[in-house]
There are 6 protein chains.
Amino acid sequence: MIENPIAPTIPYDEDGKHHGFLRLPHSRNESAWGAIMIPITVIRNGDGPTALLTGANHGDEYEGPIALQVLAHELEPRQIRGRVIIVPYMNYPAFRAATRVSPIDMVNLNRAFPGAPDGTATMKIADYFTETLVPMADIVLDYHSGGKTLDFLPFACAHYLDSVSQQAACVAAVEAFNAPFTLMLREIDNIGMYDTTVESQGKVFVTTELGGGGTATAASARIARRGARNVLIHAGILEGEIEREPSVLLDMPGDDCYHFATVEGLVEPLVDLGEPVMAGAPLARIWSPDRTGLMPLEIRAQRSGVLAARHFPGLIQTGDCLAVVATAIEGGELPIS
Amino acid sequence: MIENPIAPTIPYDEDGKHHGFLRLPHSRNESAWGAIMIPITVIRNGDGPTALLTGANHGDEYEGPIALQVLAHELEPRQIRGRVIIVPYMNYPAFRAATRVSPIDMVNLNRAFPGAPDGTATMKIADYFTETLVPMADIVLDYHSGGKTLDFLPFACAHYLDSVSQQAACVAAVEAFNAPFTLMLREIDNIGMYDTTVESQGKVFVTTELGGGGTATAASARIARRGARNVLIHAGILEGEIEREPSVLLDMPGDDCYHFATVEGLVEPLVDLGEPVMAGAPLARIWSPDRTGLMPLEIRAQRSGVLAARHFPGLIQTGDCLAVVATAIEGGELPIS
Amino acid sequence: MIENPIAPTIPYDEDGKHHGFLRLPHSRNESAWGAIMIPITVIRNGDGPTALLTGANHGDEYEGPIALQVLAHELEPRQIRGRVIIVPYMNYPAFRAATRVSPIDMVNLNRAFPGAPDGTATMKIADYFTETLVPMADIVLDYHSGGKTLDFLPFACAHYLDSVSQQAACVAAVEAFNAPFTLMLREIDNIGMYDTTVESQGKVFVTTELGGGGTATAASARIARRGARNVLIHAGILEGEIEREPSVLLDMPGDDCYHFATVEGLVEPLVDLGEPVMAGAPLARIWSPDRTGLMPLEIRAQRSGVLAARHFPGLIQTGDCLAVVATAIEGGELPIS
Amino acid sequence: MIENPIAPTIPYDEDGKHHGFLRLPHSRNESAWGAIMIPITVIRNGDGPTALLTGANHGDEYEGPIALQVLAHELEPRQIRGRVIIVPYMNYPAFRAATRVSPIDMVNLNRAFPGAPDGTATMKIADYFTETLVPMADIVLDYHSGGKTLDFLPFACAHYLDSVSQQAACVAAVEAFNAPFTLMLREIDNIGMYDTTVESQGKVFVTTELGGGGTATAASARIARRGARNVLIHAGILEGEIEREPSVLLDMPGDDCYHFATVEGLVEPLVDLGEPVMAGAPLARIWSPDRTGLMPLEIRAQRSGVLAARHFPGLIQTGDCLAVVATAIEGGELPIS
Amino acid sequence: MIENPIAPTIPYDEDGKHHGFLRLPHSRNESAWGAIMIPITVIRNGDGPTALLTGANHGDEYEGPIALQVLAHELEPRQIRGRVIIVPYMNYPAFRAATRVSPIDMVNLNRAFPGAPDGTATMKIADYFTETLVPMADIVLDYHSGGKTLDFLPFACAHYLDSVSQQAACVAAVEAFNAPFTLMLREIDNIGMYDTTVESQGKVFVTTELGGGGTATAASARIARRGARNVLIHAGILEGEIEREPSVLLDMPGDDCYHFATVEGLVEPLVDLGEPVMAGAPLARIWSPDRTGLMPLEIRAQRSGVLAARHFPGLIQTGDCLAVVATAIEGGELPIS
Amino acid sequence: MIENPIAPTIPYDEDGKHHGFLRLPHSRNESAWGAIMIPITVIRNGDGPTALLTGANHGDEYEGPIALQVLAHELEPRQIRGRVIIVPYMNYPAFRAATRVSPIDMVNLNRAFPGAPDGTATMKIADYFTETLVPMADIVLDYHSGGKTLDFLPFACAHYLDSVSQQAACVAAVEAFNAPFTLMLREIDNIGMYDTTVESQGKVFVTTELGGGGTATAASARIARRGARNVLIHAGILEGEIEREPSVLLDMPGDDCYHFATVEGLVEPLVDLGEPVMAGAPLARIWSPDRTGLMPLEIRAQRSGVLAARHFPGLIQTGDCLAVVATAIEGGELPIS
């Protein structure tokens, strides 16, 4: 049984607010006795539930890091009961490089779970969460956005789970997060995901997609900050009232929600995020990247609904996801309450 | 006198619609007898004025390329009088690399004018426009957006010029473009710009900033497409009515419009594009990129106005422009009529 | 049991000719929801045997891709009985990069078999062939050439196998391919090879080396095209007569066929491909790459025969294979008939 | 007047054979007080004419380096009268990197003449030849081949010059070189070429294209070795008989000799070097690099003749030269005798 | 059971001195049939013990390579009894790249043991030592220094082992090496180390740290050369007297010996290697790398002792080891005699 | 006349201590409206002389940056009369990259003078010093060390100048700096140097070489700090006594002081810095980097003296400076007093 080499520089079990690092020794050409230093804040006030809040699982997604730096700065032990563990830059090497995957091993952290204590750097990080941090938690909130290559309507999301009670608890937490949009997902390809690891340990889990493009806006940062506080209140850790605004329930019921590029080229978008889409209507045209005078390829909607996600960069490659059309169930209810 | 090595594969003076390339021989490791092939379309119908329309002067700006591919596809000789020269991907190597500057010589085309026929690849492109294409034109429209690192309110723009009549002609063309915002600029550091080269030849010149972030939206593409048609109608080349919607007149009267980052870090935006700003109010906070527990740096507005441009990526470096606050003169008039 | 994530965009079991892709989801910095799209053509006409034809197992070998693009273009369902599955660019990322191994994971596809459904991209491709495509096939033809760093006399090749009947079937197919040279190989280091995977499933297998240097010639392309048709006719799939020309039987009976460089430097070849070699005669000289005035190293033939393969680039590294001397058995017979 | 920083480590004016370096100080990250060391051999025996022989003007062309290493090794002072200056790796950094242009400054040496003593490293090399080595010479032989991306029929070549007597002297030397093919060229774009610099100093100049693809063969190396000796005998420096075999006179009379790719893709060659070509017959087809099922682009010969040069790599980019068709004048005579 | 592909080009069991290579086939883009050639010398004279001497386990450490090249050059069979196996550049690809880890797979050889015969190149090298070379040896000497990023007082070192007799044998060999400093180490994180592999096979093992910074000095080279001879004499292989000078016994008794940087910046060292340190005294200050006017971070000694190791480069990253303070036990004795 | 785009963020003419930046706008792919921010401190107290102190002219030299950060931190306006301008990281991009030359344009700042306001980034920095900062100064101190690839005995240095009085003033300032060694240099290749620019403006100039290897030691940092204070006292700006220790006068009277590597390989140093050298004695041996069993190349001293500088990395390239032997004139006097 190999031990994970990561060590925290701060205690998990002392009351108060502690800022420090998860220290992962990392011998490399640039530093024989160097380390990856992942920032962490632990805030504790007596017994009570533990919330684990994470950002930058993908290094180019910014709403989570922003909300968690604000929270680590503002939240005081006296305001809470129990414990809040905040890791704003989960895949720290990727966050510093502003890339989706780690520049060290090119591994996507969210496909590296449950990880391995003797794997690459990213797999060691995954293993530490799996074996040490997640087991400490009662509720886990992991922030995502679209990153540099995707853009999403801002939503929080729960998964369909085998356990009815766990799913109900997750849905309640997602509702508490109160993003403008709310989604139930049946994850098909969930191998290697943090989500799966957390859920398989029976924890309450909330995840999000709050925008994208490798930026954050004042609006998306506000949603992220509010969501963190709401979830902590919901979990009984933070005192206060949950701030609620109406949230639209979205569904992505089938494969035909996803529209892929079948040629490379220049994207001319014809519909923007949140706009309604009619089945058969053009979503975008793709123009030749190397000449004029050719017919563009028109991508038409495979179903009616609302544009919920889109390819972000101006150029697209064959096989890239161009657009996702979701069904908005405005009067809908999440499948638990 | 060295001759520019670029040769067009299509004629400039024949009626009809011709799609082809500007062929720039480019001997390199990957191809001893290779070439840079810049797509070009020339549409001509008898005598009349010539419009020169360009996109991707910076390779990561997409509204221009989209509008010009559409125009090259849709515009028919019979619809026009005179000539339209369309170069949707002006700095073609940068466009293919999706970068601001050319990957070949790392030169910013818009600081390489007037260029040189025996310079680097980008300088040869600049020289060809200076010596061959701009002299053919009566009116020149060059599309810009913010690229991957800036985001702008969509505006078209004219410069203060020494010649009253030239300035008036430019302003009239900018008004015809009819972007949602309109701007007069006194370019300070105009050395090497395409704008300066075009204006110094006495041409009518329109430039724009129509968004940014390295993407285009359905909304910004629509503005770009409409602007091209409006300018051609205004120039007497295309038949039809100019489509007009209200446009807000913006001014950036001083250096205090520009707000720069004085530390590196994670940007928490507090105001979005188009939102009002009060002098002294915080525009954004910058959080430490490597630890929690530090006070953020707050950037406060140096003047009141509206947020007209912002740094796009989630991370910022010391010295980067974080935000531009403009003054909106809603009932204002452009300085000519 | 993890499922391979590759999905075809076309059916395997419908009559007609279908062009499409093997779609391998590939999340990366450049595209969060992107995919590797490997072109595939399936041509089917009723029941009958299945042939699986592949090129660009190594991405810098071109005779296979050429012959298979031609075949996918020209072959019509009505001309065949059974099914032809054509994958001209097996290691598509390597083919686009014009490199031997994949630029994504630096893995040599032909040493990655049987592959793994949760391995790197190249290992997923290997697994899909192992688990899905090869099992569908009765006969498999995999084209190779020397790539950018080796050059071969054009030959087709069968392996010595434990099963007498399988070996006989392979030899018959290799003879049908009818390359100018024909070879029997006892593969020593066959771990990870596609060949081994195919043969271990009891399939009839033909492989080739048809030239090299990272190019194809009109002559080598002709051999490749003819070979594909001959093999399909031999398999009873395509109607017609096998085109036959004389083929020289080659043998590489021992380790002393292989000549390695023991210094780095500039290669002066003294014998060309196909020329006779006398034991002890110089094959090449290696000159100092950094100075004049030094004695060259002379590499002398360890045995008599014919030069069957050679190092291609002008410079050579210590340890590189410089030359392979084979024995030509002109009146020889393949060990089955 | 800035002095060129290159210094030879051997004397130019002493009898005997001296091997050494042209030492170009080159301060860089890897060596603050480092140098580029270009190998040189000077062989002298009393008064008499001087020949300057150079290879690797482009770093990926090997016939010249081979012939000149052999010559530097074998030629003894007592065999000659006068002086032979041998620089087998003229653009030494490019030669070591096996690239056409220098990896230090990405400059093509053969477009950097006359050079500059305070320019980049490649420009300093050019300047040293222009100011020091060429003035010492009576006759200059510069070896070229196609490099990694082109392949040529082996020819030696003279240029049309303003001076009738200089042209006649050059043609005589080219005939003495006695390559299998011989060519007269009217260089159009001769700016920056070594050829132009040498010729403008009134020297006798011979250049060649002896193959390509980034390799040499036993046959092409033989032509190169023989040519060096023949030229030295012709110049009255080396004793002996010129070895003569028949040489075919080629002409490339117009722009229509050159055939360029108008799409990118996979090249299927239909004609090989030296084969006859009929006007209108297909030279090659270009297939889609990313899918099956598309029509290939067929490139047809613009004139009749013989295939004299071709694109070498298996893949081609838009704008690359695909093929050169020359006219073989078998009974022809060079325009001097 | 997969066989390791490495083969030696020289015999291990013949008397005499043989210079050759460990040949590891390595197919890659640059050479399809290439190899990694690791230099090796075997010197044998009849029966007797075998010593295995290795350098460049990390590729940027030079005392070992120097001492072992000297030894391989000077040592003659007649001077010894038994066998000496010398591998001066153990991780040869890293040595040529002057990097700690292999440029091929970015693996740290000294964390890759016991290795794998079908792993990456570095893992194959580890496996060959584990399975073939170490089993041949009675005594193993592996040279280390600090590499480019650390600098050490010159010491030899033994580990605390479970076997009293093995530990005593190791300590005796370390004393024989006779570096200026001598150390006993309780390796905590010994997973993947060569040391562990050698010791677990019951061998006598000596390791060192003899300086650092990516250089060697005349003084450190002298220590390394003397150590090799001393160890061979101690092992009964080489005749002669052990050269002995006084050696200071060092101890690193706890975690508080190690001082880490908690910010990035410019290092101002305040104590040099070998100088005494008082607990609480400043060891170094770290200044801001991007501005003036900030307070430096002062790193104070956590214990008294002597500075035994230090971060070498002028800049430091958060998490890097800045300094190691050891306890010098000048009259101390190693825990065996 | 083009204006230099650099602007200071602090005043040069106000009393007090100001920390800020030289702001050089730098539009690039990573930031369209970004800047290079070079830290600067200006300390002023009334009228009086101006000293300009600079470090990191080469980005991998650390004594200057350390001494100048300390000075900018400790020096208070009330301690001085006149003005001190401190630029600790002159070539800031190179300093952050820890490289000799700028990573932006690969230009060596100390060969880019006098610079150009419209040149590359490094040339703009040079121009700003030439046109703005140096003219403000009475005395200029520029710190150098050997960087990553050279190591020097610590010395300060003056140049032989045409003006007797200027030379005398420089020598006096160099003596005041009081490094352990002192040197007079006749710079041969002084084109592009900062030194030349400063001296040609008639300023008093001190430069140094204080160590090397890309590190600093406590000892070398102490010399650098003391030198800065001594020079300011000498200049009449700072109150206090000059700290003086004995300094050895060195001379490098001829080309034979410099010893260059004539092969590449592994360096075995035989003499350390400061050790005496006898003409003809070996300085170092160079061993083959790719095999054992070859004779090393021995580099012998061309003159007697003391080893004053040496190649630092363990590996060396042909043409690199291996060693500099100086003559120590222990009772010598500098050529002025």
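Below is a summary of the structure that appears in this document. (Residues numbered from 1 in each chain as written. Chains lettered and ligands numbered in written order. Predicted model: local features only at pLDDT ≥ 70, side-chain atom pairs only at ≥ 80, totals over all residues. Heavy atoms only, no water.)

**Observations regarding the interface of chain B and chain A**
Piece 1. Listed as interface residues are 54 residues of chain B and, on the opposing side, 54 residues of chain A.
Piece 2. Overall, the association of chain B and chain A removes approximately 4,000 Å² of surface from exposure, summing both partners, and the carbon and sulfur fraction of that is 59%.
Piece 3. Joining chain B to chain A, the criterion identifies four salt bridges.
Piece 4. Here Glu268(B) and Arg225(A) are joined by a salt bridge, their closest N and O atoms 2.6 Å apart.
Piece 5. Taken together, the connections running from chain B to chain A amount to 26 residue pairs in polar contact (both at pLDDT 80 or more).
Piece 6. Secondary-structure elements contributing two or more residues to the side of chain B that touches chain A are strand 2 (16-25), strand 3 (35-45), helix 1 (63-74), helix 2 (92-97), helix 6 (218-234), strand 13 (265-269) and strand 15 (282-287) of chain B.
Piece 7. Looking at which element gives the most residues to the side of chain B that touches chain A, the answer is helix 1 of chain B, with seven residues.
Piece 8. Of the residues contributing to the side of chain B that touches chain A, the split by class is 30 nonpolar, 13 polar and eleven charged. (Contact = heavy atoms within 4.5 Å. Buried area = accessible area lost by both parts, 1.4 Å probe. Salt bridge = Lys/Arg side-chain N within 4 Å of Asp/Glu carboxyl O. Polar contact = N/O pair within 3.5 Å; in protein donor to acceptor, adjacent residues only side chain to side chain. Helix = DSSP H or I, 4+ residues; strand = E, 2+ residues; numbered from the N terminus. Nonpolar A, V, L, I, M, F, W, Y, C, P; charged D, E, K, R; others polar.)

**Structural notes on the interface of chain D and chain C**
Piece 1. If you look at the interface, chain D gives 54 residues, while chain C gives 54 residues.
Piece 2. Taking both sides of the interface into account, the surface hidden between chain D and chain C amounts to around 4,000 Å²; carbon and sulfur atoms contribute 59%.
Piece 3. Run the count over chain D and chain C and you get four salt bridges.
Piece 4. Run the count over chain D and chain C and you get 26 residue pairs in polar contact (both at pLDDT 80 or more).
Piece 5. Considering each element in turn, the side of chain D that touches chain C owes the most residues, seven residues, to helix 1 (residues 63-74) of chain D.
Piece 6. Taken together, the residues of the side of chain D that touches chain C sort by class into 30 nonpolar, 13 polar and eleven charged.

**Section: the packing of helix 4 (residues 164-177) of chain F against helix 6 (residues 218-234) of chain F**
All names here are of chain F.
Piece 1. Two elements in contact, helix 4 and helix 6, have axes separated by 7 Å at closest approach and are oriented at 135°. With respect to helix 6, the axis of helix 4 lies oblique. Judged by the sense of rotation from one axis to the other, the crossing of helix 4 with helix 6 is right-handed. Within the contact between the two elements, helix 4 uses Ala172, Ala173, Ala176 and Phe177 and helix 6 uses Ile223, Ala224, Gly227, Ala228, Asn230, Val231 and His234. (Axes fitted to C-alpha atoms, helices over the stretch in contact; angles between N-to-C directions. Parallel < 35°, antiparallel > 145°, perpendicular 65-115°, else oblique. Left-handed = near helix turned anticlockwise from the far one by under 90°.)

**Looking at the pattern of salt bridges**
Piece 1. One pass over the structure, following the stated rule, counts 89 salt bridges over all chains.
Piece 2. One salt bridge in this structure joins Glu74(C) and Arg229(C), with 3.9 Å as the shortest N-O distance. Of this pair, Glu74(C) sits in helix 1 (residues 63-74) while Arg229(C) sits in helix 6 (residues 218-234), placing them 155 residues apart in sequence.
Piece 3. With a closest N to O distance of 4.0 Å, Arg28(E) and Glu30(E) form a salt bridge.
Piece 4. Connected through salt bridges with shared partners, the residues Asp15(A), Arg44(A) and Asp47(A) form a single ionic network.

**Re the packing of helix 1 of chain B against helix 6 of chain B**
Packed helix pairs are specified by the crossing angle of their axes together with the interaxial distance, meaning the distance between the axes.
Residues and elements named next belong to chain B.
Piece 1. Relative to each other, helix 1 and helix 6 sit at 55°, their axes nearing to 8 Å. Between helix 1 and helix 6, the angle is such that the two are oblique. Here helix 1 runs over helix 6; the crossing is right-handed. Packed against helix 1, whose contacting residues are Glu63, Ile66, Ala67, Val70, Leu71 and Glu74, the element helix 6 presents Ser220, Ala221, Ala224, Arg225, Ala228, Arg229 and Leu232 at the interface.
Piece 2. Its residues assigned to classes, the contact of helix 1 with helix 6 shows eight nonpolar, one polar and four charged.

**Description of the side chain of Arg28(C)**
Piece 1. Summarising the element assignment, Arg28(C) is placed in the loop between strand 2 (16-25) and strand 3 (35-45).
Piece 2. Residue class for Arg28(C) comes out buried when judged on its relative accessible area of 18%.
Piece 3. A distance of 3.1 Å separates the side chain of Arg28(C) from the backbone oxygen of His26(C), its partner in a polar contact.
Piece 4. Not counting residues up to four positions away in its chain, the partners in contact with Arg28(C) are Arg100(A), Gln317(A), Asp320(A), Gly34(C) and Ala35(C). (Buried < 20%, exposed > 50% of the residue type's maximum accessible area, 1.4 Å probe, protein only.)

**Notes on the relation of the copies chain B and chain A**
Piece 1. Once turned by 180° and shifted 0.0 Å along the axis, chain B lies on chain A with an RMSD of 0.0 Å. When the rotation and shift are considered jointly, the pair of chain copies conforms to a two-fold rotation axis. Minimal C-alpha distance to the rotation axis in chain B is attained by Gly213(B), lying at 3.7 Å.
Piece 2. A high fraction, 100%, of the interface residues of chain B reappear at the interface in chain A, so the copies pair face to face through one surface. (Least-squares fit on C-alpha atoms with pLDDT ≥ 70 in both.)

**What to know about the sheet that holds strand 16 (residues 297-300) of chain E**
Residues and elements named next belong to chain E.
Piece 1. Spatial strand order, 16-15-13-18: four strands in an open sheet with antiparallel pairing. The outermost strands of the open sheet, each flanked by one partner alone, are strand 16 and strand 18 (315-316).
Piece 2. Strand direction decides the pairing type here: strand 13 (residues 265-269) and strand 15 (residues 282-287), joined by four bridges, are antiparallel. Within strand 15, the position partnered with Glu268 by the bridge is Arg285. (Pairing = 2+ DSSP bridges.)

**Some words on the pairing of strand 9 (residues 181-185) of chain B**
Residues and elements named next belong to chain B.
Piece 1. Strand 9 sits mainly inside the fold: five of its five residues count as buried.
Piece 2. With burial as the criterion, each face of strand 9 is covered, one bearing Phe181, Leu183 and Leu185 and the other bearing Thr182 and Met184.
Piece 3. Pairing of strand 8 (residues 155-159) with strand 9 involves five bridges; the strand directions are parallel. Bridge pairing links Phe155 to Phe181 in strand 9.
Piece 4. Regarding the hand of the β-α-β motif, the stretch spanning strand 8, helix 4 (residues 164-177) and strand 9 is right-handed.
Piece 5. Alignment of strand 9 against strand 11 (residues 248-251), held across three bridges, turns out to be parallel. Among the inter-strand pairings, Thr182 is bridged to a residue of strand 11, identified as Leu249. (Right-handed = clockwise from strand over helix to strand, strands pointing away.)

**Observations concerning the packing of aromatic side chains**
The description of two aromatic rings rests on the distance between their centres and on the angle between their planes.
Piece 1. For the coordinates displayed, the defined rule picks out 63 aromatic pairs over all chains.
Piece 2. Aromatic side chains Phe113(D) and Tyr194(D) sit 4.9 Å apart centroid to centroid with 40° between the ring planes, which places their arrangement in the tilted category. Residue Phe113(D) is located in the loop between helix 2 (92-97) and helix 3 (121-136), and its partner Tyr194(D) is located in helix 5 (residues 194-200); the two are separated by 81 residues in the primary sequence.
Piece 3. Exposure remark for Phe113(D): the relative accessible area of 6% places this residue in the buried category.
Piece 4. Grouped by ring-pair contacts, the aromatic residues Trp33(A), Phe152(E), Phe155(E) and Tyr258(E) constitute a single cluster.
Piece 5. Cation over ring: Arg23(D) sits above Phe260(F), and NZ or CZ is 3.8 Å from the ring centre. (Phe/Tyr/Trp six-rings, centres within 6.5 Å; stacked < 30°, edge-to-face > 60°. Lys NZ or Arg CZ within 6 Å of the ring centre and 35° of its normal.)

**With respect to the sheet that holds strand 15 (residues 282-287) of chain F**
Piece 1. Spatially, four strands are ordered 16-15-13-18 (chain F) in an open sheet, and the strand pairing comes out antiparallel. This sheet does not close on itself; its edge strands, each paired only once, are strand 16 (297-300) and strand 18 (315-316) of chain F.
Piece 2. In the packing of helix 1 (residues 63-74) of chain E onto the sheet, contacts are made with strand 13 (265-269) and strand 15 of chain F, and the angle to strand 13 of chain F comes to roughly 90°.

**So, the side chain of Asp105(E)**
Residues and elements named next belong to chain E.
Piece 1. Within the fold, Asp105 resides in the loop between helix 2 (92-97) and helix 3 (121-136).
Piece 2. No salt bridge is formed by the buried Asp105; the nearest opposite charge belongs to Lys124, separated by 8.8 Å.
Piece 3. Among the polar contacts made by the side chain of Asp105, one reaches the main-chain amide nitrogen of Val107 at a distance of 3.0 Å.
Piece 4. Discounting chain neighbours no more than four positions away, the residues touching Asp105 are Thr120, Ala121, Thr122 and Met123. (Lys, Arg positive; Asp, Glu negative; His and termini not counted.)

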